[in-house]
Amino acid sequence: MISFEKVCKTYRRGGEELRVLASLDLEIPAGDFVALMGPSGSGKSTILNLAGGLDTADSGTVSVASETLNRMSSKALAQWRARHTGFVFQSFNLIPVLNAVENVTLPLLNTPLKGAERRKQAEYALGIVGLSDRLKHRPAQLSGGQEQRVAIARAIATDPDVILADEPTGDLDRDTANEVMELLVRLNEELGKTILMVTHDQVAADRAKRTLHLDKGELADGSAA
Amino acid sequence: MSGTPWFLVRKHLRVHWVRTTLTVTIVSVALLLFCILTTFVTSLTAAVDQAASNRIVVQSAVSLFVELPLDYHGKIANVPGVESVCKLQWFGGYYQDEKNSFAQFAIDDEVFLQQYENDLEIIDAPPGDGSLLDRVRTAMRADRRAAIVGEGLADKHGWKIGDPVPLTGKIFPKSDGSAWDFTVVGIYIPKRMNVDDQTMYFRFDYLEETLTQEQDQPIGCGTFFVHVAPGHAIDEVIANIDALFVNGPQKTLTSTEAAFSAGFVSMFGNLPLFFGTIGGAIVFAVLFSVVNTMLLAARQRIREAGVMKALGFTNRTVATLMLVESVSICVIGGLVGTGLAWVLSEGIRGVVSVMFPTFAVAPQTMLISLGMSLTIGLLAGLAPTVMLARLKPVEALRSEG
Ligand SMILES: Nc1ncnc2c1ncn2[C@@H]1O[C@H](COP(=O)(O)OP(=O)(O)O)[C@@H](O)[C@H]1O
Ligand SMILES: [Mg+2]
C-alpha cells in the first residue's frame, strides 16, 4: 500500500542544508497498522507528509495506493489526496468557523456525492466516532478528545485507503488518548484501513500491529505488538 | 468533480462579523461619497449633454448680463434657416421672502411651448377640452399674468392651478414697491436634463408692457432662443446671425445650447476636477484599508488553507474562496453605498436645488460605483489570494495561524 524506495529528502533553509532522509526504504502492506516512533526531529512527520502527498521527495520513489507520487503536479496530488488519504493531526486542525458535521462534510465536496448524500455520509462518519449528538457543535464547543474524534470522522468520511496520523494523541490525556486509539484500532480491524501513525507514546504504539523506529534517517524494525 | 465549499465564505463573513461590518461600512461610505460628488458634477454637465441639437442661443457678445435690443427678434427671425425665435429674459424675483429665490424667465409663451415640447411635459392645466398642453396654451394666451411652474417648485410652495403668485422683483422692482402678480396656469415636469422642475416661465409681453409704463428707456432682452429648421447647417445660421449685428448696436455671441450651457457650467470654476480629486482620494484610501484588512484575514487563515489543501482542495479552490470573500464584502458595501446615495439624493436635491436643480444620481454613476466596489474587492483580494494559492500545504500546517 505504502512503498518508499531509496527516498531522499533534504530541507534547505537559508544557506543551510539539512538531510533528513537518505535513501530510505519502507514497505507497508494494505491493512497494516504501523506506529512510527523516534526522537524529535528525526524525520517522522517528513515520512508521513511524503506518504500523504503533502510534500515531494528529492529522489527515490514514493508509491501509495498503487500510484507513484513523485512526478505529479500539485493539482493532481490534491486530487489524489482527496481520493486516497485521510489525515489526523496532533492539533486536530478542524476549521473553527464550521461545526462538526460541516467539518466532516468538507472533504466530501471532492467526491461525486450530492448535497444530501454528503450530509448523510458525514453523519454516518460522526456516528462511527460516537458523536451523533454533537453535529452542530463548533470546535470551540468540543473537548479535545471530541475534536480529535471529529477529525477522525473527517479523515474517514471519504472512505480513503490510507489514514495518516501525526501524533494523534499528543495533545490528549491518557483516557481520551485510549479512546482515540480504540477508534483507530477499530478502523484498522473492522474497516480494513491501512494506518501509518507517528507517535511518541509507547502505550499508543502498543495498540498498532507493529512499530518502526526512526533514528538519524534510518529505520529499524521494532517489536511487533 | 471537485466542488467548492462556498458556504465557507458565508461562515467566515458571519463569524468575523465585526470585520465584515466595518469593511462593508467603510466601502459603502466611500462609494456613497463618490456617488454624491459625481452627481454634483453630472448634474452640472447634464444640461450640456441633453441640450437640444437644433437649438441655438443668441446673447450679447459682451456678457450674459447685457441686454440685446428687442428689434433683434425680427431681424433674427428673418435669417435663412431660422424656424422660430423665443425671447428669454431672466427675471430675478422672490416669493414672499428673499430666501425663496428661484429661476424665473419671461418668454414668448406660444413659441416657448412649441420649442420646449420635447423638453418638458405639462402635468396639470386648467379644466377644459383638449390636451393638457392645449389647455395651458389657451390659458397662457388668455391671461397676461399667466405662468407655468415646475412640479418641484409648485410642491415646495403648495401652488395649484389658478393660484396667485406675487413676486417681488429685484432686477425689475416696481416703482411703488408692489409685487408682480402671476397666476399659475400650468405645472410641468422636465423630460430632459436641460430643464429642471424649479423654474417659472411667464409671458414676456407682461414684463414688457409693465416696464414700458414704469420707465422711459427702451427695454431689451437677455437671450433669444432660436430653433434652426431641419436641413440647415447650424454653424451657418450661427455665423449669419452674428454677421447681422457685427456693426452694432450690440454685437451678438451665438452658440449652440450645449455650448451655452457649458459656458454656464464653467462659471462654477473647475468643480468637476475638484470633486473628482476628492472622490478619487477617498476611494484610494479605502482601497488600502481594505487591502490591509484582507491581508490580515488571509494571514489568520494560513493554517486553514493548509488543512483544506491536505483534504484535497486545489490551490485554485482555496484561493478562489479568499477572492470571493473579498469581492463579496466590497460588493455588499458597494450596493449599500450606492443604494444610500440613490435614496438620499432626493433629500439632497431639496437642499441644493437652487444651484443643482437636476440633482439625481445617474444610472451610469451607480454602475460605475458598483464597478468600483467590484474592483476594490478584486484588488484587495489579489495579494491574499496569491499568498494562499502559493502556500505549500506542509508549511501552512506548520504555521501558528
Ligand atoms: N520545511 C522545512 N524546512 C526546513 N527544515 C525542516 C522543514 N520541515 C522539517 N524540517 C526539519 O527537518 C527535521 C525533521 O523534521 P520532522 O520530519 O518534522 O521531524 P519529526 O516529526 O520526527 O519531529 C527537523 O530537524 C526539522 O526541523
Ligand atoms: Mg513531527
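Residues take numbers from 1 onward in each chain, read along the sequence in its written order. Chain letters start at A and ligand numbers start at 1, both assigned in the order the entries are written. Local features are withheld for residues below a pLDDT of 70 in this predicted model, meaning they are given only at 70 or higher, and side-chain atom pairs are given and counted only at 80 or more; totals for whole chains, interfaces and linings count all residues. To get the side-chain values, take all heavy atoms of the structure and skip hydrogens and water.

Some details on the packing of helix α11 (residues 302-310) of chain B against helix α12 (residues 315-352) of chain B
All names here are of chain B.
Here is step 1: Here, axes are lines fitted to C-alpha atoms. For helices the fit covers the stretch in contact, and angles between N-to-C directions go from 0 to 180 degrees. Runs of E in the DSSP output that reach at least two residues are strands. Runs of H or I that reach at least four are helices, and both are numbered from the N terminus. Axis separation between α11 and α12 bottoms out at 9 Å; the angle between their running directions is 140 degrees. Where α11 crosses over α12, the two elements pack in a sense that is right-handed. Contacts between α11 and α12 involve Ala-305, Met-308 and Lys-309 from the first element and Asn-315, Val-318 and Leu-321 from the second.
Here is step 2: Basically, the charged four are Asp, Glu, Lys and Arg, the nonpolar ten are Ala, Val, Leu, Ile, Met, Phe, Trp, Tyr, Cys and Pro, and anything else, Gly included, counts as polar. Residues belonging to the contact of α11 with α12 are distributed by class as follows: four nonpolar, one polar and one charged. Crossings are sorted by hand: turned counterclockwise from the far helix by less than a right angle, the near helix makes the crossing left-handed, and turned clockwise it makes it right-handed. Working rule for contacts: check all heavy atoms of both residues, and any pair within 4.5 Å makes them a contact.

Re the packing of helix α10 (residues 271-299) of chain B against α12 of chain B
Residues and elements named next belong to chain B.
Here is step 1: Their axes nearest at 11 Å, the elements α10 and α12 cross at an angle of 145 degrees. Every pair of crossing elements has a handedness; the one defined by α10 and α12 is right-handed. For the pair α10 and α12, contact is made by Val-290, Met-294, Ala-297 and Ala-298 and by Met-322, Glu-325, Ser-326, Ile-329 and Cys-330, respectively.
Here is step 2: In terms of residue class, the contact of α10 with α12 is made up of seven nonpolar, one polar and one charged.

Brief notes about the domain arrangement of chain B
Here is step 1: The domain boundaries here were taken from an automatic or database domain assignment. Under the domain assignment used here, chain B contains domain 1 (7-47 + 269-398) and domain 2 (67-249).
Here is step 2: Distance between the C-alpha centres of domain 1 of chain B and domain 2 of chain B: 47 Å.

Here's the deal with the sheet that holds strand β6 (residues 85-88) of chain A
All names here are of chain A.
Here is step 1: Here, any two strands with at least 2 DSSP bridges between them count as paired. One open sheet accounts for six strands, arranged β6-β7-β8-β3-β9-β10; its pairing is mixed. Across the chains shown, the open sheet's two edge strands, defined by having one partner strand only, are β6 and β10 (218-221). Within this sheet the neighbouring strands show an average axis-to-axis angle of 20 degrees, counted without direction.
Here is step 2: Where strand β3 (residues 33-37) and strand β8 (residues 194-198) come together, four bridges link them in parallel fashion. In the sheet register, Val-34 faces β8, and the bridge partner there is Leu-196.
Here is step 3: Along the sheet, helix α6 (residues 174-189) makes contact with β3, β7 (162-166) and β8, crossing β8 at roughly 150 degrees.

Details of the packing of aromatic side chains
Residue and element names in this part refer to chain B.
Here is step 1: Any two rings among Phe, Tyr and Trp, with Trp reduced to its six-membered ring, count as a pair given centres within 6.5 Å; such a pair is stacked if its planes are under 30 degrees apart, edge-to-face if over 60, and tilted if neither. As enumerated under the stated definition, the model contains 20 aromatic pairs over all chains in all.
Here is step 2: Consider the rings of Phe-40 and Phe-275, whose centres lie 5.6 Å apart with planes at 65 degrees: the pair is edge-to-face. Separated by 235 residues along the polypeptide, Phe-40 in helix α2 (residues 17-50) and Phe-275 in helix α10 bring together distant segments of the chain. For the residue pair Phe-40 and Phe-275, the accessibility class agrees, reading buried in each case.
Here is step 3: A centroid spacing of 5.3 Å and a plane angle of 70 degrees characterise the contact between Trp-90 and Phe-105, whose relative ring orientation is edge-to-face. Taken together, the residues Trp-90 in strand β3 (residues 82-90) and Phe-105 in strand β5 (residues 103-107) connect sequence positions 15 residues apart.
Here is step 4: Every member of this aromatic cluster is reached through a ring pair, and the members are Trp-90, Phe-105, Phe-112, Tyr-116, Tyr-188 and Tyr-201.
Here is step 5: A positively charged side chain is recorded as over a ring if its NZ (Lys) or CZ (Arg) lies within 6 Å of the ring centre. The angle to the ring normal must also be within 35 degrees. Sitting above the plane of the Tyr-116 ring, Arg-55 keeps its charged end 3.9 Å from the centroid. Three exposure classes are used, based on accessible area relative to the maximum for each residue type with a 1.4 Å probe and protein chains only: buried under 20%, partly exposed in between, and exposed over 50%.

Quick look at the pattern of salt bridges
Side-chain pairs of opposite charge can arise where the charged atoms are in close proximity.
Here is step 1: When a carboxyl oxygen of Asp or Glu is within 4 Å of a side-chain nitrogen of Lys or Arg, the pair counts as a salt bridge. Under the definition given, this model contains 23 salt bridges over all chains.
Here is step 2: Between Glu-17 of chain A and Arg-12 of chain A there is a salt bridge, and its shortest N-O distance comes to 3.3 Å.
Here is step 3: Owing to a relative accessible area of 56%, Glu-17 of chain A belongs among the exposed residues under this scheme.
Here is step 4: In this structure, the salt-bridge partner of Arg-210 of chain A is Asp-32 of chain A, at a minimum N-O distance of 2.7 Å. In this pair, Arg-210 of chain A sits in strand β9 (residues 210-215) while Asp-32 of chain A sits in the loop between β2 (16-28) and β3, placing the two residues 178 residues apart along the sequence.
Here is step 5: Accessibility expressed as a relative area gives 8% for Asp-32 of chain A, which makes it buried.
Here is step 6: Overlapping salt bridges, with partners in common, bring together Arg-19, Arg-301 and Glu-325 of chain B in one network.

Let's talk about the nonpolar core
Here is step 1: To qualify as a nonpolar core, a set must consist of buried Ala, Val, Leu, Ile, Met, Phe, Trp, Tyr and Cys residues joined through side-chain atoms within 4.5 Å. Formed by 84 residues in total, the largest nonpolar core has its most connected members in Ile-2, Phe-4, Ile-47 and Leu-196 of chain A.
Here is step 2: Counting residues per element, this core draws most heavily on α2 of chain B, which supplies 12 residues.
Here is step 3: Other than its neighbours up to four places away in sequence, Leu-196 of chain A contacts Ile-2, Ile-28, Val-34, Leu-36, Ile-47, Leu-48, Ala-51, Ile-163, Leu-164 and Ala-165 of chain A.
Here is step 4: Formed by 40 residues, the second largest nonpolar core is a distinct cluster that contains Ala-100, Met-181, Leu-184 and Val-185 of chain A.

As for the site of ligand 1
Here is step 1: Being near a molecule or strand, for a residue, comes down to having at least one heavy atom within 4 Å of it. Of all residues adjacent to ligand 1, which total 13 residues, the nearest are Gly-41, Lys-44, Ser-45 and Thr-46 of chain A together with Arg-398 of chain B.
Here is step 2: The local environment of ligand 1 is shared, drawing residues from chains A and B.
Here is step 3: What qualifies as a polar contact is a pair of N or O atoms within 3.5 Å, subject to a donor-acceptor requirement within protein and to the restriction that residues adjacent in sequence count only when both atoms come from side chains. One of the side-chain nitrogen or oxygen atoms of Thr-46 of chain A is found 2.5 Å away from an oxygen atom of ligand 1.
Here is step 4: Between ligand 1 and Arg-398 of chain B, the relevant distance is 2.5 Å, taken from a nitrogen atom to a side-chain nitrogen or oxygen of the residue.
Here is step 5: Computed with the Shrake-Rupley method and a 1.4 Å probe, the accessible areas treat only the protein chains shown as cover for residues. Coverage of ligand 1 by the protein chains reaches 79% of its 560 Å² of free accessible surface.
Here is step 6: Of all the secondary-structure elements, those providing two or more residues to the shell around ligand 1 are β1 (2-13), β2 and α1 (44-51) of chain A.
Here is step 7: Here the element with the most residues in the shell around ligand 1 is α1 of chain A; it accounts for three residues.
Here is step 8: Tallied by class, the residues present in the shell around ligand 1 amount to four nonpolar, six polar and three charged.

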